[in-house]
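Chain by chain, the residues run as shown.
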Amino acid sequence: MSNVIVYSKSGCVQCTATYRALDAKGVTYAVVDLEQEPGETVEQFKARGLLQAPIVTTDTDEWAGFRPDKIAALAA
């Protein structure tokens, strides 16, 4: 299975939905608080078109927002 990292913000509804979907599929992941990350990390995400939380990165993919389709593919 890929290394999965969820970059999130406090009070983020889509982040919570992502955690629940990952948990339901049995996917192990790490959480990184975007509000504690240096500004250049956020700017790098923005430069790649990742403009909303959560930002999910795996060994082979990355996406922004709650994406049940991507989570299902990751768990397959």
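Note that this is a predicted model, so its numbers are computed, not measured.

J.: Explain the state of the cysteines to me, please; I cannot follow it from the model alone.
T.: By definition, a disulfide links two cysteine residues through a covalent bond between their sulfur atoms. Counting across every chain of the model gives one disulfide. A disulfide bridge connects Cys-12 with Cys-15, and the sulfur atoms are separated by 2.3 Å. Here the disulfide of Cys-12 and Cys-15 is right-handed, its torsion about the S-S bond being about 80 degrees. The pair Cys-12 / Cys-15 is uniform in exposure class, with both members buried.

J.: Looking at this structure, how should I read the packing of aromatic side chains?
T.: Two numbers describe a pair of aromatic rings. These are the distance of the centres and the angle of the planes. Counted by the stated rule, this structure contains two aromatic pairs. On the numbers, 4.9 Å between centres and 65 degrees between planes, the contact of Tyr-7 with Phe-45 is edge-to-face. Note that Tyr-7 is positioned in strand 1 (residues 5-8) and Phe-45 in helix 2 (residues 39-47), a separation of 38 residues in sequence. In this structure Tyr-7 comes out as buried when scored by relative accessible area, which is 13%. Residue class for Phe-45 comes out buried when judged on its relative accessible area of 6%. Between Tyr-19 and Tyr-29, the aromatic rings sit 5.9 Å apart at their centres with planes inclined by 0 degrees, giving stacked as the arrangement. Placement of the pair is Tyr-19 in helix 1 (residues 13-25) and Tyr-29 in the loop between helix 1 and strand 2 (30-33), with a sequence separation of ten residues. Residue Tyr-29 is classed as partly exposed on the basis of its relative accessible area, which comes to 22%.

J.: What should I look at first to understand the sheet that holds strand 4 (residues 62-64) in this one?
T.: Within a sheet, each strand pairs with its neighbour through backbone hydrogen bonds, oriented either parallel or antiparallel. Taking strand neighbours across the sheet as the criterion, the four strands line up as 2-1-3-4 in an open arrangement whose pairing is mixed. Taken across any chain shown, the strands that pair with only one partner, and hence form the sheet edges, are strand 2 and strand 4. Taking the axes of each pair of neighbouring strands and ignoring which way they run, one obtains an average angle of 20 degrees across the sheet. Across three bridges, the pairing between strand 3 (residues 55-57) and strand 4 is antiparallel. Residue Ile-55 lies in a different strand from strand 4, and its bridge partner there is Ala-64.

Thresholds, definitions, all that
Residues numbered from 1 in each chain as written. Predicted model: local features only at pLDDT ≥ 70, side-chain atom pairs only at ≥ 80, totals over all residues. Heavy atoms only, no water. Disulfide = S-S within 2.5 Å. Buried < 20%, exposed > 50% of the residue type's maximum accessible area, 1.4 Å probe, protein only. Phe/Tyr/Trp six-rings, centres within 6.5 Å; stacked < 30°, edge-to-face > 60°. Helix = DSSP H or I, 4+ residues; strand = E, 2+ residues; numbered from the N terminus. Pairing = 2+ DSSP bridges. Axes fitted to C-alpha atoms, helices over the stretch in contact; angles between N-to-C directions.

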